[in-house]
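Okay, here's what each chain looks like letter by letter:
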Amino acid sequence: ACIANDTNTTADCVDGECVYGCLPGFINCDEDPTTCEAAGDEDGNCGACGVDCAYDECAQIDDVFACNDPVDIEAGEFHTCAIKRDGSVWCWGLNNFGQLGIDTGTNFALLPAAMTSLPAGFHAVRQSLGRDNGCVQSDAGVFACWPKGANSMATTQVVSGSGVDKISTFDLSSRNGESIVAQEDIALVSSFVFQDTLPTISLSTVAQGAGAAVSTAGTHRCAVFLDGALKCWGVDSNGQIGNGTEITGEVFQPYEVMAGTDFNAVGTGDGRSCALTVGGDVYCMGKNVILGTFAESPVLKAGGPFDDLFVGWLTNAALKNGRVYLFGVNNDEQVRPTESPLVTDFTEYPLLATDVVVDVALGSSHTCVLLETGLVECWGVNGTGQLGNG
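The residue numbering used here restarts from 1 in each chain and proceeds along that chain's sequence as written. The predicted origin of the model limits local features to residues at a pLDDT of at least 70 and limits the giving and counting of side-chain atom pairs to 80 or more, whereas totals for whole chains, interfaces and linings rest on all residues. Where side-chain values are given, they derive from all heavy atoms of the structure, hydrogens and water being excluded.

Some details on the pairing of strand S12 (residues 134-138)
Logical step 1: Across the 5 residues that make up S12, a large majority, 5, are buried.
Logical step 2: The buried label applies to any residue whose accessible area, calculated with a 1.4 Å probe on protein chains only, is under 20% of its type's maximum; exposed applies above 50%, and partly exposed to all values in between. Helix and strand definitions here come from DSSP, where helices need a minimum of 4 consecutive H or I residues and strands a minimum of 2 consecutive E residues; each element is numbered from the N-terminal end. Because side chains alternate across S12, one face comprises the buried residues Gly134, Val136 and Ser138, and the other comprises Cys135 and Gln137, equally buried.
Logical step 3: Should DSSP find at least two bridges between two strands, the strands are regarded as paired. Pairing geometry for strand S11 (residues 124-129) and S12, over 5 bridges, is antiparallel. When the bridges of S12 are listed, Gln127 appears paired with Val136.
Logical step 4: Between S11 and S12, which pair antiparallel one after the other, the connecting turn spans 4 residues.
Logical step 5: In terms of strand pairing, S12 meets strand S13 (residues 143-146) through 4 bridges, oriented antiparallel. In the sheet register, Val136 faces S13, and the bridge partner there is Ala144.
Logical step 6: Between the antiparallel neighbours S12 and S13 lie 4 residues, among them Gly141 with a positive phi of about 90°.

Here it is as structure tokens:
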């Protein structure tokens, strides 16, 4: 007879051989096929044997048990947000303009709090945060965005337009915010400005061609197109457009930077732009306080080849083999734990030497990383709770 050695295991005789199986919710984690000794819905064996969750939260997601850990992080000026595996969005830090999407009138969240202002059933998969506004995209391709409110999360607005699948948003001094988006289905890079009174935002075309990456810092914008071309436009007061000359006023037509070079990522910050080539080189142009030297044409940064690039308002980061490298303003030790107020080239962050980093969020005075384990670690200024440690 085929006999199971615990009540969680099934036993059947099939063609003269014993076949054992586990009841729903249980798994076998040893060499004994007659036992299913582990509950697959508990931390330590979450969905599979030996799976430890970063935050002890094993949840049923899409009909299977998995660790409900962060999968994406972003930072605004003084706040941080994370998307968890179940599609919920959790934010912490400053909320004076409703940027966290939590209860009206709450100025701070010192610990991560679930964003409550998204439409019902909204399953977030990516996000873009401006200094005080933001957008999140659902797995159905819908973008929900909010402008800069006043002590409350303004009515969530839906971006209309076919095939929107990339987005970058930033606050403007005179308006609630601007975003640019890539629409692959109809091969356009488009933009929109937040409107407090409109529930739906319409798009206006900026450039022909499907974008592979887009970025805006409010005064200037850049996009990498599917053919690898990098194009920038907008205010060029610091050479951030990268056309070799400083221009007074705005550049309205996208200018191709380093024609003939293939790029796959781009970021914009305070008076500067940085982009990552297909080969892993990072080039930056613009404001000298960030670059170390004033640059009207792209400057190759040392330390490559890199795997990914992140550009914040005052700091920059790149990943290489799971290690994070940073440069930029360091007044609050957001780049490296030293007294140096400015780090002019990529330097590996020394306190993460044994960790594998998969994502980076750059605030104006704080830095957060998402580790391969699912943990989020932050450092820098914590005056508004942006480090999320309570």
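On we go from here.
Some points on the sheet that holds strand S22 (residues 230-236)
Logical step 1: Reading across from one edge, S20-S21-S22-S23 is the order of the 4 strands in this open sheet, with antiparallel pairing throughout. A strand with exactly one partner marks an edge of an open sheet, and here the two such strands are strand S20 (211-216) and strand S23 (247-257). The sheet shows a mean angle of 5° between the axes of neighbouring strands, direction not considered.
Logical step 2: One ladder, built from 5 bridges, connects S20 with strand S21 (residues 220-225); its direction is antiparallel. Residue Ala213 lies in a different strand from S21, and its bridge partner there is Val224. Geometry is summarised by axes, namely lines fitted to C-alpha atoms with helices restricted to the contacting stretch, and by angles between N-to-C directions that run from 0 to 180 degrees.

So, the sheet that holds strand S33 (residues 366-371)
Logical step 1: Read from one edge of the open sheet, 3 strands run S32-S33-S34, paired in antiparallel fashion. The outermost strands of the open sheet, each flanked by one partner alone, are strand S32 (357-362) and strand S34 (376-380). Averaged over all pairs of adjacent strands, the angle between strand axes in this sheet comes to 20°, irrespective of strand direction.
Logical step 2: Examined bridge by bridge, S32 and S33 share 5 bridges and lie antiparallel to one another. Opposite Asp359, over in S33, you have Leu370 as the bridge partner.

Some words on the pairing of strand S29 (residues 315-320)
Logical step 1: Counting buried positions along S29 gives 6 out of 6 residues, so the element sits mostly inside the fold.
Logical step 2: Side chains Thr315, Ala317 and Leu319 of S29 all project onto a buried face; the interleaved residues Asn316, Ala318 and Lys320 project onto the opposite face, where all are buried too.
Logical step 3: In the sheet, strand S28 (residues 308-311) pairs with S29 via 4 bridges, with the strands oriented antiparallel. Bridging across to S29, Phe310 finds its partner in Ala317.
Logical step 4: Linkage of S28 to S29, two consecutive antiparallel strands, is achieved through a turn of 3 residues.
Logical step 5: Bridge analysis of S29 against strand S30 (residues 323-329) gives 6 bridges, and the strand direction is antiparallel. Opposite Ala317, over in S30, you have Leu326 as the bridge partner.
Logical step 6: Turn length for the S29-S30 hairpin, with the two strands adjacent in sequence and antiparallel, is 2 residues, and the turn residue Asn321 shows positive phi of about 55°.

As far as function goes, none of this settles anything; it's purely spatial.
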